[in-house]
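Structural features, examined
Given next are the chains, with one letter for each unit.
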Amino acid sequence: MPIYEYRCQSCSRKFSVFFRSFSETGDPSCSHCGSENPTRIISQVAVITSWNDFMGNLPSWETMTDFDEDDPRSVADALRTMKDRTGQDIGPEGEEFLARMDTGEMLNDTDSLGF
C-alpha cells in the first residue's frame, strides 16, 4: 500500500496520496487547490540516530568563529548550515526568511513573516 508525495505546480503545496494497491496508482489532483498538475516528489526519509550522533553533526561554537549574531547574513548562513546538515525542508516561508536575511534585513519576530 504505497503513499506517494506530490508538489502542486499551481499552488506549490506538498500533499500525500494513499493508494490501496500498486495497480491502483493514478494521477491525483491537489488536495489544496484541486489542480490536476502535480509532480511526484521523493519522500523524505527518517534515519534514527542517537542524540549524541545528531548533536555531533551540528557545528560547534569553536568552529563558528565567523558567526556574528548581530549580522543577519551571518545568522542566515548558520541557519542554512543547520538546515542542510539536518536535511529538513523549511518550506517556501523559511526560504523567504533566509532570502530576506541575506539582503541584510534583521528579522526580530515572526509576525513580519506572515505565519
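For the structure, check the block above.
The following refers to the structure shown. What you see is a predicted model; the values in this text were computed from it and never measured. (Residues numbered from 1 in each chain as written. Predicted model: local features only at pLDDT ≥ 70, side-chain atom pairs only at ≥ 80, totals over all residues. Heavy atoms only, no water.)

1. Quick notes on the overall build of the chain
What the chain contains, in helices and strands, is three helices and three strands. Along the chain, helices and strands appear, N-terminal first, in the series β-β-β-α-α-α. Counting the 115 residues in the chain, one finds 23% classified as buried. Nonlocal contacts in the chain, meaning residues at least 24 apart in sequence, comprise 38% of its contacts between residues at least 6 apart. Accessible surface, the chain: about 8,500 Å² in total, of which carbon and sulfur atoms supply 50%. (Helix = DSSP H or I, 4+ residues; strand = E, 2+ residues; numbered from the N terminus. Buried < 20%, exposed > 50% of the residue type's maximum accessible area, 1.4 Å probe, protein only. Contact = heavy atoms within 4.5 Å. Areas by Shrake-Rupley, 256 points an atom, 1.4 Å probe, with all protein chains shown as cover.)

2. Section: the pairing of strand β2 (residues 14-18)
Side-chain alternation along β2 places F15 and V17 on a buried face and K14, S16 and F18 on a face that remains uncovered. Judged from the five bridges that link them, strand β1 (residues 3-8) and β2 form a sheet pairing that is antiparallel. Across the sheet, the residue bridging to R7 is K14, located in β2. Taking the residues between adjacent antiparallel strands as the criterion, β1 and β2 are bridged by five residues, where S12 takes a positive phi near 65 degrees. (Pairing = 2+ DSSP bridges.)

3. So, the pattern of salt bridges
Following the criterion strictly, the structure yields nine salt bridges and no others. Between D84 and K83 there is a salt bridge; the shortest N-O distance is 3.5 Å. By relative accessible area, D84 is classed as exposed at 53%. Taking the shortest distance from any N to any O, the salt bridge between E96 and R100 comes out at 3.8 Å. On the criterion of helical spacing, the pair formed by E96 and R100 is a turn pair, its members being four residues apart in helix α3 (residues 91-102). (Salt bridge = Lys/Arg side-chain N within 4 Å of Asp/Glu carboxyl O.)

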